[in-house]
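# Understanding the architecture of this molecule
Given next are the chains, with one letter for each unit.
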Amino acid sequence: DTAVSQTPKYLVTQMGNDKSIKCEQNLGHDTMYWYKQDSKKFLKIMFSYNNKELIINETVPNRFSPKSPDKAHLNLHINSLELGDSAVYFCASSPASGMKGYTFGSGTRLTVV
Amino acid sequence: DQQVKQNSPSLSVQEGRISILNCDYTNSMFDYFLWYKKYPAEGPTFLISISSIKDKNEDGRFTVFLNKSAKHLSLHIVPSQPGDSAVYFCAANAGGGNKLTFGTGTQLKVEL
């Protein structure tokens, strides 16, 4: 029974396409996140939602749009994909404060060709 | 601007010996630090944390040390086991907020 599940696990797509990555958590956490791990292995926050409300929006191109239909789901939609978007995207959730640590999903490896 | 740095991308240790993973930070507002462990094709999992009011926290084979004046923390694993082979990420939090800032990770390999 996966705590934070994200789909798909692998995504290969052409430049210019639009794609979505879905994330769901069954931990009852209030806060969900999207992190990007680039080729240099740097894990960097993109977005954070608390109870469906956007609370963190780092400097991310507006081609990336998170959507939270309810507090258990945070999906990531990417328009007009570029080569530089190739990375591993991790969804995570936490109780209201990040001090208790996150629970991460297993990641989605996005490859743009 | 990388506020959390793990300058050793890899570390190799023999089974049974001590593994020491290091982490440095630049932001003096960070007051809570965490270590995560990551296996291939999996997400990072929480390992151990420390508040800035402490200088040491221990959990079984894992101990984290914090030196605030040097803005440095380290994770000690003793004795190291082959199952400890993974990437270890250091992370920091400021003021109890939601955002964690991660380092780039250190690949630990524990050899038989």
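Description of the structure in this document. (Residues numbered from 1 in each chain as written. Chains lettered and ligands numbered in written order. Predicted model: local features only at pLDDT ≥ 70, side-chain atom pairs only at ≥ 80, totals over all residues. Heavy atoms only, no water.)

### So, the sheet that holds strand E1 (residues 4-5) of chain B
Strand pairing in a sheet relies on backbone hydrogen bonds, with the paired strands running either antiparallel or parallel. Spatially, E1-E3-E8-E7-E6 (chain B) is the arrangement adopted by the five strands of the open sheet, whose pairing is antiparallel. Edge strands, defined here as strands with exactly one partner in the open sheet, are E1 and strand E6 (56-59) of chain B. (Pairing = 2+ DSSP bridges. Helix = DSSP H or I, 4+ residues; strand = E, 2+ residues; numbered from the N terminus.)

### Things to note about the interface of chain A and chain B
Every contact between the two is made by 25 residues of chain A and, on the other side, 20 residues of chain B. Residues Lys99 of chain B and Glu58 of chain A are paired through a salt bridge, measuring 3.2 Å at the closest nitrogen-oxygen approach. Remark: the boundary between chain A and chain B carries six residue pairs in polar contact (both at pLDDT 80 or more). Elements represented by at least two residues in the side of chain A that touches chain B include exactly strand E4 (31-37), strand E5 (43-50) and strand E6 (53-57) of chain A. No other element matches the four residues that E4 of chain A contributes to the side of chain A that touches chain B. Looking at side-chain class alone, the side of chain A that touches chain B contains 13 nonpolar, eight polar and four charged residues. (Contact = heavy atoms within 4.5 Å. Salt bridge = Lys/Arg side-chain N within 4 Å of Asp/Glu carboxyl O. Polar contact = N/O pair within 3.5 Å; in protein donor to acceptor, adjacent residues only side chain to side chain. Nonpolar A, V, L, I, M, F, W, Y, C, P; charged D, E, K, R; others polar.)

### Structural notes on the pairing of strand E3 (residues 19-25) of chain A
All names here are of chain A. As judged from the four bridges shared by strand E1 (residues 4-7) and E3, these two strands associate in the antiparallel manner. Bridging across to E3, Thr7 finds its partner in Lys22. As paired strands, E3 and strand E8 (residues 73-78) are joined by four bridges and run antiparallel to one another. Residue pairing across strands places Glu24 opposite His73, the latter belonging to E8.

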